[in-house]
Amino acid sequence: MRTLILGGARSGKSALAERLAAAHDAVLYIATAAAGDDEMAARILHHRARRPAHWQLREAPLQLADTLRAEAHAARCLLVDCLTLWLSNLLCREDEALFATQRAALLAAVDDLPGELILVSNEVGQGIVPLGALTRRFVDEAGRLHQDLAARCERVVFTVAGLPQLLKGSL
């Protein structure tokens, strides 16, 4: 089962993903964040404290597809949190070849991974069109990525105020 969970900041998407993952005996949490400042480090600590101690952790700020392929197996749930941070990491590198390669590799990996996969991402396309070329590109690329992943996932959920809104599949 492949699940895509979308929502705004503090919508409850990570908590929902963690509840779904907790139904599995073996969980690997794949973190895409990098602690570039004190505020982000605090966010990472908050997420880490919330997770069960027996869950494994891998960090994949750029090479997400490689990590997924290396770690997936039928008896394991992979929880990726979050795709928009991964996307930001790639776009800020300003390396078009790296971006294109990693994006394509992720989509290909999602198509045939064994086991459970839960992907968490911020929905950013519901506001105004942002100022600045990089920010506009980020919103555009996030929207395209979400559409491509939603087509590949059996279940898609949008979270609002901690409430899951099922868009595709069943909970």
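Quick note: structure is the one above.
From a predicted model like this one, the values you see are computed outputs, not experimental measurements. (Residues numbered from 1 in each chain as written. Predicted model: local features only at pLDDT ≥ 70, side-chain atom pairs only at ≥ 80, totals over all residues. Heavy atoms only, no water.)

Once that is clear, we can look at the pairing of strand β3 (residues 56-59). Consecutive side chains of a regular strand alternate in pointing toward one face of the sheet and then the other. Where strand β2 (residues 26-31) lies against β3, 4 bridges are found, and the strand directions are parallel. In the strand pairing of β3, Ile30 is matched with Arg58. The β-α-β motif built from β2, the intervening helix α2 (residues 38-50) and the parallel element β3 has right-handed crossover chirality. (Pairing = 2+ DSSP bridges. Helix = DSSP H or I, 4+ residues; strand = E, 2+ residues; numbered from the N terminus. Right-handed = clockwise from strand over helix to strand, strands pointing away.)

Another point: the side chain of Ser121. Locating Ser121 in the fold gives a position in strand β5 (residues 116-122). Overall, Ser121 belongs to the buried group, its relative accessible area being 0%. Within the local environment of Ser121, its side chain forms a polar contact with the side chain of His146, the two groups lying 2.6 Å apart. When residues no more than four places from it in sequence are discounted, the contact partners of Ser121 are Ile5, Leu6, Gly7, Lys13, Cys82, Leu83, Thr84 and His146. (Buried < 20%, exposed > 50% of the residue type's maximum accessible area, 1.4 Å probe, protein only. Polar contact = N/O pair within 3.5 Å; in protein donor to acceptor, adjacent residues only side chain to side chain. Contact = heavy atoms within 4.5 Å.)

Turning our attention to the nonpolar core. Burial of nonpolar side chains together is a common tendency in soluble globular proteins. With 31 residues, the main nonpolar core has Leu64, Leu68, Leu83 and Leu119 as its most contacted residues. Ignoring any residue separated from it by four or fewer positions in sequence, one finds Leu64 in contact with Ile30, Val80, Leu83, Trp86, Gln102 and Leu106. Grouped together as the second largest cluster of nonpolar side chains are 14 residues, Ala21, Ala31, Cys82 and Ile118 included. (Core = buried A, V, L, I, M, F, W, Y, C linked by side-chain atoms within 4.5 Å.)

This part is about the packing of aromatic side chains. Here the distance between the centres and the angle between the planes together describe a pair of aromatic rings. Throughout the structure, instances matching the rule amount to 0 aromatic pairs. The residue whose ring lies beneath Arg51 is Tyr29, and the NZ or CZ to ring-centre distance is 3.7 Å. If you follow Arg137 out to its NZ or CZ, it ends over the ring of Phe99, 4.9 Å from the centre. (Phe/Tyr/Trp six-rings, centres within 6.5 Å; stacked < 30°, edge-to-face > 60°. Lys NZ or Arg CZ within 6 Å of the ring centre and 35° of its normal.)

Bringing the packing of helix α4 (residues 83-92) against helix α6 (residues 133-152) into the picture now. Where α4 meets α6, the axes come as close as 10 Å, and the angle between the chain directions of the two elements is 130 degrees. Of the possible angle classes, the one that applies to α4 and α6 is oblique. In this structure, the crossing between α4 and α6 has a hand that is right-handed. Within the contact between the two elements, α4 uses Leu83, Thr84, Trp86, Leu87, Ser88 and Leu91 and α6 uses Leu134, Arg137, Phe138, Glu141, Ala142, Leu145, His146 and Leu149. (Axes fitted to C-alpha atoms, helices over the stretch in contact; angles between N-to-C directions. Parallel < 35°, antiparallel > 145°, perpendicular 65-115°, else oblique. Left-handed = near helix turned anticlockwise from the far one by under 90°.)

Turning our eyes to something else, we now look at helix α3 (residues 64-71). Three or more residues of α3 are buried, namely Leu64, Ala65, Thr67, Leu68 and Glu71. Considered in projection along α3, the buried side chains sweep an arc of 160 degrees and stay on one side of the axis. Residues of α3 that are buried sit in contact with β2, β3, β4 (76-81), α4, α5 (96-112) and β5. (Arc of directions from axis to C-beta.)

This part takes up α5. An ideal rise of 1.5 Å per residue puts 24 Å on 17 residues; α5 measures up with 25 Å between its terminal C-alpha atoms. Summarising the contacts, the buried residues of α5 are in contact with β1 (2-7), α3, α4, β5 and α6. Capping of α5 at its N-terminal end is provided by Asp95; its side-chain oxygen lies 3.2 Å from the backbone amide nitrogen of Ala97. (Expected span 1.5 Å × (residues − 1).)

Following the sequence through the fold, Val139 ends up in helix α6. Note: C-alpha distance between Val139 and Thr84 (55 residues apart in sequence) is 9.4 Å. Leave out the neighbours within four places in its chain, and Val139 touches Val124, Gly125 and Pro130.

The strand order across the open sheet formed by 7 strands is β3-β2-β4-β5-β1-β6-β7, and the pairing between neighbours is mixed. The open sheet has two edge strands with one neighbour each: β3 and β7 (163-168). The average angle at which neighbouring strand axes cross in this sheet is 20 degrees, direction not considered.

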